[in-house]
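# Coordinate inspection notes
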Amino acid sequence: MTLVPKLRKEKKVVNIHQDELIDEYAWIKQKDWQSVLKDPSKLNNEVLKYLNEENNYKSEKLKDLDAFKKKLFEELKSRIKDKDSSVPVKDGQFSYYSKYIQNSEYPQFLRLNKENNEEVIFDANIKSKNFKFFNLNSVSHSHNHQYLAYNVDTNGSEYYDLSVEEISTKKVITKKIENTTGEIVWHPNNSIIFYTSLDVNHRPNKIFAHKIGSDPQEDRLIYEEKDAAYFCSPILSQSKKYLFIRTGDHQTSEYWFSTIENFENIKCFKARKEKEEYEIDHANDLFYILNNLDQSKNFKVSIANMDNIELWKDFIEYNPEHLLLDFTVLKKWFILLKRVNGLNQILIKNLENLKEHLIKFEDETYELSLSGQYEFDTDLIRISYSSPVTPLTIYDYNCDLRLKIHKKTQEIPSGHNSKDYICKRIMVKAHDDQEIPLTIFYHKNTALDGKAPLLLYGYGSYGITIPDNFSSNRYSLIDRGFVYAIAHIRGGREKGQEWYENGKLMSKKNTFLDFISCAEYLCKNNYTSKGKIIAQGGSAGGLLMGYISNERPDLFLGIIAQVPFVDICNTMLDEDLPLTVTEIPEWGDMKKDPEAFKYIKSYSPYDNVKKQHYPNMLITGGITDPRVTYWEMTKWIAKLRDFKTDKNLIILDMNMDAGHSGASGRYDYLNEVALTYIFALKISDKITP
């Protein structure tokens, strides 16, 4: 029988603001942690042994479910169309798309010519053959359709290597540019690409121009961001006439720009000013600017003439009830994605006569989004629609004819009938009388008598909205009697910018209390009962999982904390880590502000583990993760084992071949989903055929 893993203690005390942080496991973070992320073989032997013991312990505890896990994996796999392809996107004489061939983990990338002849231009299955992990961040063809640039990460550390090939001959033009972010921008002259490099602390701070086929050592630096809190990236305007460089943190942005022919003489569009955000694009001698200036908290759209970029005029006036999310500008059309009453809409505005109309759906809750496109002079845009019970549907939309053209609906090979499920969006009263959107869906035969187990998902950070989209995986729980719920808590932007701002900095606890309010509502209204809820969250959502496990363990049967950000005090005091400096506007400046330190310490999961019962817990991590490093969840589970007073199951799954996003292959990833689901089903006594 495998023993419960035990991690050696070595007390470290940090004195700060007349207080102290005590950490008995700080030693497992190596001084050369950057090297470990790039090459896990450099991991301290003692820590490696401990992580292997944790993985063995997990396997031992779930060993009796091995056969069921395989069955569940096949069930999950049966909902994915094995041979599948995306809808081609037109770009001049070709249309580009991706395809999965039989039993493949990774896609092929292809194009069709005007005669509908198919050509494979890149096969990720072949390229990935010698790697356990293979993340293809981007595949980008040149404007003349002769070359292909692509970025690959082969260990999960999110350091991407950029290469360029000639499409017709597969000849390598540029072999490898190391340590890039994954973005690729082609110059319209087809001989230059723009990319962003990462510094030693994994921060995107320099943008280079590379002449394909030349030595990367000769690449021209065209922008360097000196502020460690700001991350930069290159963008080509939809008109292909301007190069933009965006730099910013979580609350401030700044753009630099130049004509594409004169990219070495780049200049600032509008200088950064704290808490001012703007995004720009170009069409028809105008710059279009999505911005929050003039107290436009939920954003408006302005325009500026190329000859006077300092004079901004309103184009889409500010409406506090409308959160403006994104836009695309074409030769004849302005397309705006916005959120009204918690649901997305697309506004189409004719740039010739300024007439406008809306694309929206009438369902109670859904996800509607814009897809990227290549062409500028076109009436067609691509939109995607789904709901928690409705599979993804792709449309081309003719802006001139106001016509939706159905292109594809996601196929579920094992079958799916949306009418078998009930989906609701309700509003839950928070501790301070705010109303929290809560999405609930379940099988129509599931009795709402308080006996059903329930999975409650939450995130609530960085202004990220958790979409009410379709995921076929969830039905392995729902079809076994689970109710599934998504809490749209503060810290996201579901209800606008204020919803985000009321869940960050010195209001961060609203995020956690909103989640608890949703859990209590679900119990009170017989969707489930106290002690039958399994909470799930990842990354910053793992911070939420850590808080609720410390403060309200009575509500939850289980916690699934995926790559959880739980050691917030130590992380936010270490400015060498990749994200710390840029995340100060999200959490607060612990180093300089005693009140921020006190507040963050009061909710930090790792610092508030206490002697008490804890729910069953599945905690995951990735050894090369640069966002939430391997030592965070490792220290947390060791401390939880020290303090917990119950016999509930608590296990760590550390992926020794991946980073923040887990396994890279489409079927390999399903093994991780199967693990979370067998854990949920095991502790809920729902292991059924």
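Residues numbered from 1 in each chain as written. Predicted model: local features only at pLDDT ≥ 70, side-chain atom pairs only at ≥ 80, totals over all residues. Heavy atoms only, no water.

Our next topic: the overall build of the protein chain. For the protein chain, the helix and strand inventory stands at 13 helices and 39 strands. Taking 2.2 N^0.38 as the reference for a compact globule, 689 residues should give roughly 26 Å; the C-alpha atoms of the protein chain span a radius of gyration of 25 Å, in line with that estimate. Here the protein chain, with 689 residues, has 59% of them falling under the buried criterion. When contacts within the protein chain are restricted to residue pairs at least 6 apart in sequence, those whose partners lie at least 24 apart make up 56%. Carbon together with sulfur atoms contributes 46% to the accessible area of the protein chain, which is approximately 28800 Å² in total. (Helix = DSSP H or I, 4+ residues; strand = E, 2+ residues; numbered from the N terminus. Rg over C-alpha atoms; globule rule 2.2 N^0.38 Å. Buried < 20%, exposed > 50% of the residue type's maximum accessible area, 1.4 Å probe, protein only. Contact = heavy atoms within 4.5 Å. Areas by Shrake-Rupley, 256 points an atom, 1.4 Å probe, with all protein chains shown as cover.)

A few words now on empty space enclosed by the protein. If you walk through the whole model with that rule in mind, you get two cavities of 30 Å³ or more. Put simply, the second largest cavity is a space of about 80 Å³. Across the lining of the second largest cavity, the residue classes break down as four nonpolar, four polar and five charged. (1 Å grid on protein atoms, 1.4 Å probe; cavity = no way out; pocket = protein on both sides within 12 Å on 5 of 7 lines; lining within 4 Å. Points joined across faces, edges and corners; volume = space filled by probe spheres on them. Nonpolar A, V, L, I, M, F, W, Y, C, P; charged D, E, K, R; others polar.)

This part covers the nonpolar core. With 120 residues, the main nonpolar core has Leu 438, Leu 456, Phe 515, Ile 548 and Trp 587 as its most contacted residues. Every residue in contact with Phe 515, bar those within four places of it in the chain, is listed here: Leu 456, Tyr 457, Gly 458, Ala 487, Ile 489, Ala 535, Leu 544, Met 545, Ile 548 and Phe 556. (Core = buried A, V, L, I, M, F, W, Y, C linked by side-chain atoms within 4.5 Å.)

Per the counting criterion, the structure on display carries 46 salt bridges. Salt-bridge contacts for Arg 79 lead to Glu 75; the nearest nitrogen and oxygen are separated by 3.1 Å. Given a relative accessible area of 8%, Arg 79 falls into the buried group. Residue classification places Glu 75 among the partly exposed residues on the basis of a relative accessible area of 21%. The closest approach of N and O atoms between Arg 111 and Glu 119, which form a salt bridge, is 3.0 Å. One connected set of salt bridges, linked through shared partners, spans Lys 6, Lys 9, Glu 24 and Asp 642. (Salt bridge = Lys/Arg side-chain N within 4 Å of Asp/Glu carboxyl O.)

In this section: the side chain of Arg 203. Positionally, Arg 203 belongs in the loop between strand 13 (192-198) and strand 14 (204-211). Side-chain polar atoms of Arg 203 contact the backbone oxygen of Glu 575, separated by 2.4 Å. Sequence-distant contacts of Arg 203, that is, excluding residues within four places in its chain, are made with Ser 197, Leu 198, Ala 228, Phe 231, Glu 575, Asp 576, Leu 577, Pro 578 and Val 581. (Polar contact = N/O pair within 3.5 Å; in protein donor to acceptor, adjacent residues only side chain to side chain.)

Within a beta sheet, neighbouring strands are joined by backbone hydrogen bonds and run either parallel or antiparallel to one another. Strand order in this open sheet of four strands is 16-17-18-19, and the pairing throughout is antiparallel. The sheet is open, and its two edges are formed by strand 16 (231-236) and strand 19 (267-270), each paired on a single side. This sheet shows a mean twist of 30° between the axes of neighbouring strands, independent of strand direction. As paired elements, strand 17 (residues 242-248) and strand 18 (residues 253-259) share seven bridges and run antiparallel to each other. The partner of Thr 247 across the bridge, within strand 18, is Glu 254. (Pairing = 2+ DSSP bridges. Axes fitted to C-alpha atoms, helices over the stretch in contact; angles between N-to-C directions.)

We now examine a nonpolar patch on the surface. Together, Leu 380, Leu 401, Leu 403 and Ile 405 give the surface a local cluster of nonpolar side chains, amounting to about 330 Å² of exposed area. With respect to the element layout, Ile 405 can be found in strand 31 (residues 403-409). A relative accessible area of 31% means that Ile 405 is categorised as partly exposed. (Patch = residues over 30% accessible without salt bridge, like charges linked within 9 Å, V, L, I, M, F, W, Y side chains within 5 Å.)

This part covers the side chain of Ser 239. Relative to the assigned elements, Ser 239 resides in the loop between strand 16 and strand 17. At 2.9 Å, the side chain of Ser 239 and the side chain of Ser 237 are in polar contact. Ignoring any residue separated from it by four or fewer positions in sequence, one finds Ser 239 in contact with His 282 and Phe 376.

Right, let's get into the sheet that holds strand 38 (residues 616-622). Spatially, the eight strands line up as an open sheet ordered 32-33-35-34-36-37-38-39, and their pairing is mixed. Edge positions in the sheet fall to strand 32 (421-429) and strand 39 (650-655), since each has one partner strand and no second. Averaged over all adjacent pairs, the angle separating strand axes in this sheet is 15°, with direction ignored. In the packing of helix 8 (residues 540-551) onto the sheet, contacts are made with strand 36 (533-538), strand 37 (556-562) and strand 38, and the angle to strand 36 comes to roughly 145°.

Let's shift gears to helix 11 (residues 594-603). Given 3.6 residues per turn, any residue in an α-helix points the same way as the ones three and four places further on. Turning to helix 11, its buried residues are Ala 596, Phe 597, Tyr 599, Ile 600 and Tyr 603. Where the residues of helix 11 are buried, they touch strand 1 (12-16), strand 2 (19-23), helix 7 (509-524), helix 8, helix 9 (568-572) and helix 10 (584-587). The N-cap of helix 11, judged by a side-chain oxygen 3.0 Å from the amide nitrogen of Glu 595 a few residues on, is Asp 593.

For the rest of this paragraph, the subject is the packing of aromatic side chains. Applying the stated rule across the entire model yields 42 aromatic pairs. For the pair Phe 361 and Tyr 395, a centre-to-centre distance of 6.2 Å together with 35° between the ring planes defines the contact as tilted. Here Tyr 395 lies in strand 30 (residues 390-398) and Phe 361 lies in the loop between strand 27 (356-359) and strand 28 (367-370), a separation of 34 residues in the sequence. Judged by centre distance (5.1 Å) and plane angle (85°), the rings of Tyr 630 and Trp 631 are edge-to-face. Owing to a relative accessible area of 0%, Tyr 630 belongs among the buried residues under this scheme. Among the aromatic residues, those joined into a cluster by ring pairs are Tyr 242, Phe 244, Tyr 255, Phe 257, Phe 269, Tyr 278, Phe 287 and Trp 312. One cation-aromatic arrangement involves Lys 495 over Trp 499; the distance from NZ or CZ to the ring centre is 4.6 Å. The ring of Phe 643 has Lys 611 sitting right over it, with the charged end atom 5.7 Å from the ring centre. (Phe/Tyr/Trp six-rings, centres within 6.5 Å; stacked < 30°, edge-to-face > 60°. Lys NZ or Arg CZ within 6 Å of the ring centre and 35° of its normal.)

Mapped onto the elements of the fold, Tyr 318 is located in the loop between strand 23 (308-316) and strand 24 (322-329). Among the residues examined, Tyr 318 registers a relative accessible area of 29% and is labelled partly exposed. A sequence separation of 17 residues divides Tyr 318 from Val 301, and the C-alpha atoms of the two residues are 7.8 Å apart. Apart from the residues lying within four places of it in its own chain, the contact partners of Tyr 318 are Gln 295, Ser 296, Lys 297, Asn 298, Phe 299 and Lys 300. A polar contact is formed between the side chain of Tyr 318 and the backbone nitrogen of Lys 297, at a distance of 3.3 Å. Polar contacts involving the side chain of Tyr 318 include one to the main-chain amide nitrogen of Asn 298, which spans 3.2 Å.

Most of strand 38 sits inside the fold, with seven of its seven residues counted as buried. Every second residue of strand 38 is oriented toward a common face, with Asn 616, Leu 618, Thr 620 and Gly 622 on one face and Met 617, Ile 619 and Gly 621 on the other, all of them buried. Sheet analysis places strand 37 next to strand 38, joined by five bridges and oriented parallel. Paired with Gly 558 across the bridge in strand 38 is Asn 616. Taken together, the six bridges between strand 38 and strand 39 define a ladder with parallel strand orientation. Within strand 39, the residue paired with Met 617 across the bridge is Ile 650. Following the chain from strand 38 across helix 12 (residues 630-643) to the adjacent parallel strand 39, one finds a crossover that is right-handed. (Right-handed = clockwise from strand over helix to strand, strands pointing away.)

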